[in-house]
Amino acid sequence: MTSALDLITRVRGVRGAMLVSADDGLVVAEQLMEGIKGSAVAALAASLAGRLRRAMEAAGLGASVFWHLQADQGTLLVVPAASVVAVAEPDVNIGLVRLELLRAGETVA
């Protein structure tokens, strides 16, 4: 798994990547730059995963494949099925990070 996280963090603008336990929001594996609170990001991703899963089911849309949450100072990218998360700068190449996240998700699954 560390090699998959390494491929994600090599993308320019990615500040960190991690594998998160979907059940309890704990960090399973991580590669984060200094200043990123991995446990807080992991808890956020796990909480959102549960809520979004229920919302998607209620809407009859099925399971989500990829999330892109953008804020003023950064971006959170998630493959919820595998609980792979990336923290990135706002101007990161979303397509490239998405590709690496999906590859990492296949590795986990």
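See the structure above.
Since we're looking at a predicted model, the values are computed, not measured.

**Considerations on the overall build of the protein**
Helix and strand counts for the protein come out as three helices and five strands. Starting at the N terminus, the α and β elements of the protein follow one another as α-β-β-α-β-β-β-α. Compactness check: the protein gives a C-alpha radius of gyration of 13 Å against a globular reference of 13 Å for 109 residues, within 12% of the reference. Sorting the 109 residues of the protein into buried and exposed places 40% on the buried side. Sequence-distant contacts, at least 24 apart, represent 38% of the contacts inside the protein between residues at least 6 apart. With the model as given, the accessible surface of the protein reaches about 6,300 Å², and the carbon-plus-sulfur share is 52%. Averaging the positions of the 9 positive and the 11 negative side-chain charges in the protein gives two centres separated by 3 Å.

**Quick look at the nonpolar core**
In this structure, Ile8, Val14, Leu77, Val84, Val97 and Leu101 are the most contacted members of the largest nonpolar core, which totals 19 residues. Mapped by element, the contributors of at least two residues to this core are helix H1 (2-9), strand E1 (14-20), strand E4 (74-79), strand E5 (84-88) and helix H3 (94-108). Aside from chain neighbours lying at most four places away, what touches valine 14 is Ile8, Thr9, Met33, Val87, Ala88, Val92 and Val97. By size, the runner-up hydrophobic cluster in this structure holds 13 residues, among which are Ala42, Trp67, Leu76 and Val85.

**Concerning the sheet that holds E1**
Sheet architecture is open: five strands sit in the order E2-E1-E5-E4-E3, paired in antiparallel fashion. The outermost strands of the open sheet, each flanked by one partner alone, are strand E2 (27-32) and strand E3 (67-71). Taking each pair of neighbouring strands and ignoring which way they run, the sheet shows an average axis angle of 15°. Both E1 and E5 contribute to a ladder of five bridges, which runs antiparallel. Across the sheet, residue glycine 16 finds its bridge partner in E5, namely valine 87.

**Some words on the packing of aromatic side chains**
For any pair of aromatic rings, the description rests on two quantities: the centre-to-centre distance and the angle between the ring planes. Summed over all chains, the structure comprises zero aromatic pairs. Positioned above the aromatic ring of phenylalanine 66 is the side chain of arginine 98, whose terminal nitrogen or guanidinium carbon lies 5.3 Å from the ring centre.

**Considerations on the packing of H1 against H3**
Geometry of a packed helix pair, given as the angle between the helix axes and the separation of the axes. Two numbers describe how H1 lies on H3: the axes approach to 9 Å, and their chain directions differ by 175°. As far as their axial angle goes, H3 and H1 are roughly antiparallel. Only Glu100, Leu101 and Ala104 of H3 make contact with H1, whose side of the interface consists of Ala4, Leu7 and Ile8. For the contact of H1 with H3, a count of residues per class yields five nonpolar, no polar and one charged.

**Details of the pairing of E3**
Bridge analysis of E3 against E4 gives five bridges, and the strand direction is antiparallel. Counted as the bridge partner of glutamine 70 is threonine 75 from E4. Here E3 hands over to E4 after two residues, the two strands then running antiparallel side by side.

The rules behind each value
- Residues numbered from 1 in each chain as written.
- Predicted model: local features only at pLDDT ≥ 70, side-chain atom pairs only at ≥ 80, totals over all residues.
- Heavy atoms only, no water.
- Helix = DSSP H or I, 4+ residues; strand = E, 2+ residues; numbered from the N terminus.
- Rg over C-alpha atoms; globule rule 2.2 N^0.38 Å.
- Buried < 20%, exposed > 50% of the residue type's maximum accessible area, 1.4 Å probe, protein only.
- Contact = heavy atoms within 4.5 Å.
- Areas by Shrake-Rupley, 256 points an atom, 1.4 Å probe, with all protein chains shown as cover.
- Lys, Arg positive; Asp, Glu negative; His and termini not counted.
- Charge placed at Lys NZ, Arg CZ, Asp CG, Glu CD.
- Core = buried A, V, L, I, M, F, W, Y, C linked by side-chain atoms within 4.5 Å.
- Pairing = 2+ DSSP bridges.
- Axes fitted to C-alpha atoms, helices over the stretch in contact; angles between N-to-C directions.
- Phe/Tyr/Trp six-rings, centres within 6.5 Å; stacked < 30°, edge-to-face > 60°.
- Lys NZ or Arg CZ within 6 Å of the ring centre and 35° of its normal.
- Parallel < 35°, antiparallel > 145°, perpendicular 65-115°, else oblique.
- Nonpolar A, V, L, I, M, F, W, Y, C, P; charged D, E, K, R; others polar.

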